[in-house]
Amino acid sequence: MRKSGFYLALALSLVTAAPVVAQMDVEDQINTRQSAFTFAAWNMGKIKSQAIDGDVAYNEQQMLAAANAIASVANSGLGALFGPGTAMDKNDDTRLKPEFFDKPEKAREVAIGFAQAATKLQEVAANGGDKAALAAQFSEVGKSCKACHDAFRAE
Ligand code: HEC
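Here is a short report on the structure shown in this document. Keep in mind that what you see is a predicted model, and the values were worked out from it rather than measured.

## Quick look at the nonpolar core
The biggest cluster of nonpolar side chains holds 31 residues, and the ones touching the most others in it are Ile47, Ile70, Leu78, Leu121, Leu134 and Phe152. Of all the secondary-structure elements, those providing two or more residues to this core are α2 (26-53), α3 (60-74), α5 (104-126) and α6 (131-152). Broken down by element, this core gets its largest block of residues, eight residues, from α5.

Here you go:
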């Protein structure tokens, strides 16, 4: 119960974009969220190399650091970077579809999915760093990225 309330609060923070700092302009919101996703993807790549592809030696500490970074992005209150006027109908530098603002239920659903999957990844990495378990949860996080991209990111 406490947990689901926590995730709901997270998801709402993603959707409603409650101000957490002095108002950022549209370009700053877009640049910052693109950087956040790029940073998350860099850390996903580390886990892929070590736990899935095996082209880099498996290192438990590096996997925990990567999982912590991904969970930090997911739980950082990203919603503040999805303010009005930041979709591609109003700005040329973004791939955020305007549907994001028309489908708050769906936005909430994918936000919850990302937060839950990333938080669990962090837990798995912290609990002994079992490679197979980490690989399985990595795949769940990947699905949560894709769920949002399929709904709200243009090609
Ligand atoms: C809540 C929705 C959502 C989730 C969850 C999400 N993304 Fe994204 N992602 C987007 C949107 C929207 C954009 C386009 C942002 C823009 O152009 O303003 C994007 C852009 C990106 C980009 C390109 C950044 C750039 O410089 O243009 C990468 C890489 C990326 N996402 C990776 C990921 C990864 C990896 C995950 C999961 C760990 C993830 N995303 C989770 C919505 C999401």
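Having seen the structure, we can now continue with the description.
## Observations regarding the coordination of the iron atom of the ligand
Of the protein atoms, His149 (NE2) alone serves as a donor to the iron atom of the ligand, at 2.1 Å. One can find histidine 149 in helix α6.

## Side note on the site of the ligand
In the vicinity of the ligand there are 16 residues, among which Gln34, Thr94, Cys145, Cys148 and His149 approach most closely. A distance of 2.9 Å is found between an oxygen atom of the ligand and a backbone nitrogen or oxygen belonging to arginine 95. Looking at the shell around the ligand, the elements that each hand over two or more residues are α2 and α6.

## What about the side chain of glutamine 50?
One can find glutamine 50 in helix α2. In this view, glutamine 50 contacts Val56, Ala57, Tyr58, Asn59, Gln62, Met63 and Lys131; residues no more than four positions away in its chain are not counted.

## Thoughts on the packing of aromatic side chains
Given two aromatic rings, their pairing is described by the distance between the two centres and the angle made by the two planes. Scanning the entire structure with this criterion turns up five aromatic pairs. Centroid distance phenylalanine 37 to phenylalanine 82: 6.5 Å. Interplanar angle 70°. Geometry classified as edge-to-face. Taken together, the residues span a long stretch of sequence, with phenylalanine 37 in helix α2 and phenylalanine 82 in the loop between α3 and α4 (99-102) at a distance of 45 residues. In this structure, arginine 33 is placed above the aromatic ring of phenylalanine 82, and the distance from its NZ or CZ to the ring centre is 4.7 Å. The ring of tryptophan 42 is capped by lysine 46, whose NZ or CZ atom sits 3.5 Å from the centre of that ring.

## Digging into the pattern of salt bridges
Two side chains carrying opposite charge are able to pair once their charged atoms lie near each other. Summed over the entire model, instances satisfying the criterion amount to five salt bridges. Between glutamate 105 and arginine 108 there is a salt bridge, with the nearest N and O atoms lying 3.0 Å from each other. Of this pair, glutamate 105 and arginine 108 are both found in helix α5, three residues apart, which corresponds to roughly one turn of the helix. On the basis of relative accessible area, glutamate 105 is assigned to the exposed category, the value being 60%.

What counts and how
- Residues numbered from 1 in each chain as written.
- Predicted model: local features only at pLDDT ≥ 70, side-chain atom pairs only at ≥ 80, totals over all residues.
- Heavy atoms only, no water.
- Core = buried A, V, L, I, M, F, W, Y, C linked by side-chain atoms within 4.5 Å.
- Buried < 20%, exposed > 50% of the residue type's maximum accessible area, 1.4 Å probe, protein only.
- Helix = DSSP H or I, 4+ residues; strand = E, 2+ residues; numbered from the N terminus.
- Donors = N, O, S within 2.8 Å, 3.2 Å for Na, K, Ca; no water.
- Near = heavy atom within 4 Å.
- Polar contact = N/O pair within 3.5 Å; in protein donor to acceptor, adjacent residues only side chain to side chain.
- Contact = heavy atoms within 4.5 Å.
- Phe/Tyr/Trp six-rings, centres within 6.5 Å; stacked < 30°, edge-to-face > 60°.
- Lys NZ or Arg CZ within 6 Å of the ring centre and 35° of its normal.
- Salt bridge = Lys/Arg side-chain N within 4 Å of Asp/Glu carboxyl O.

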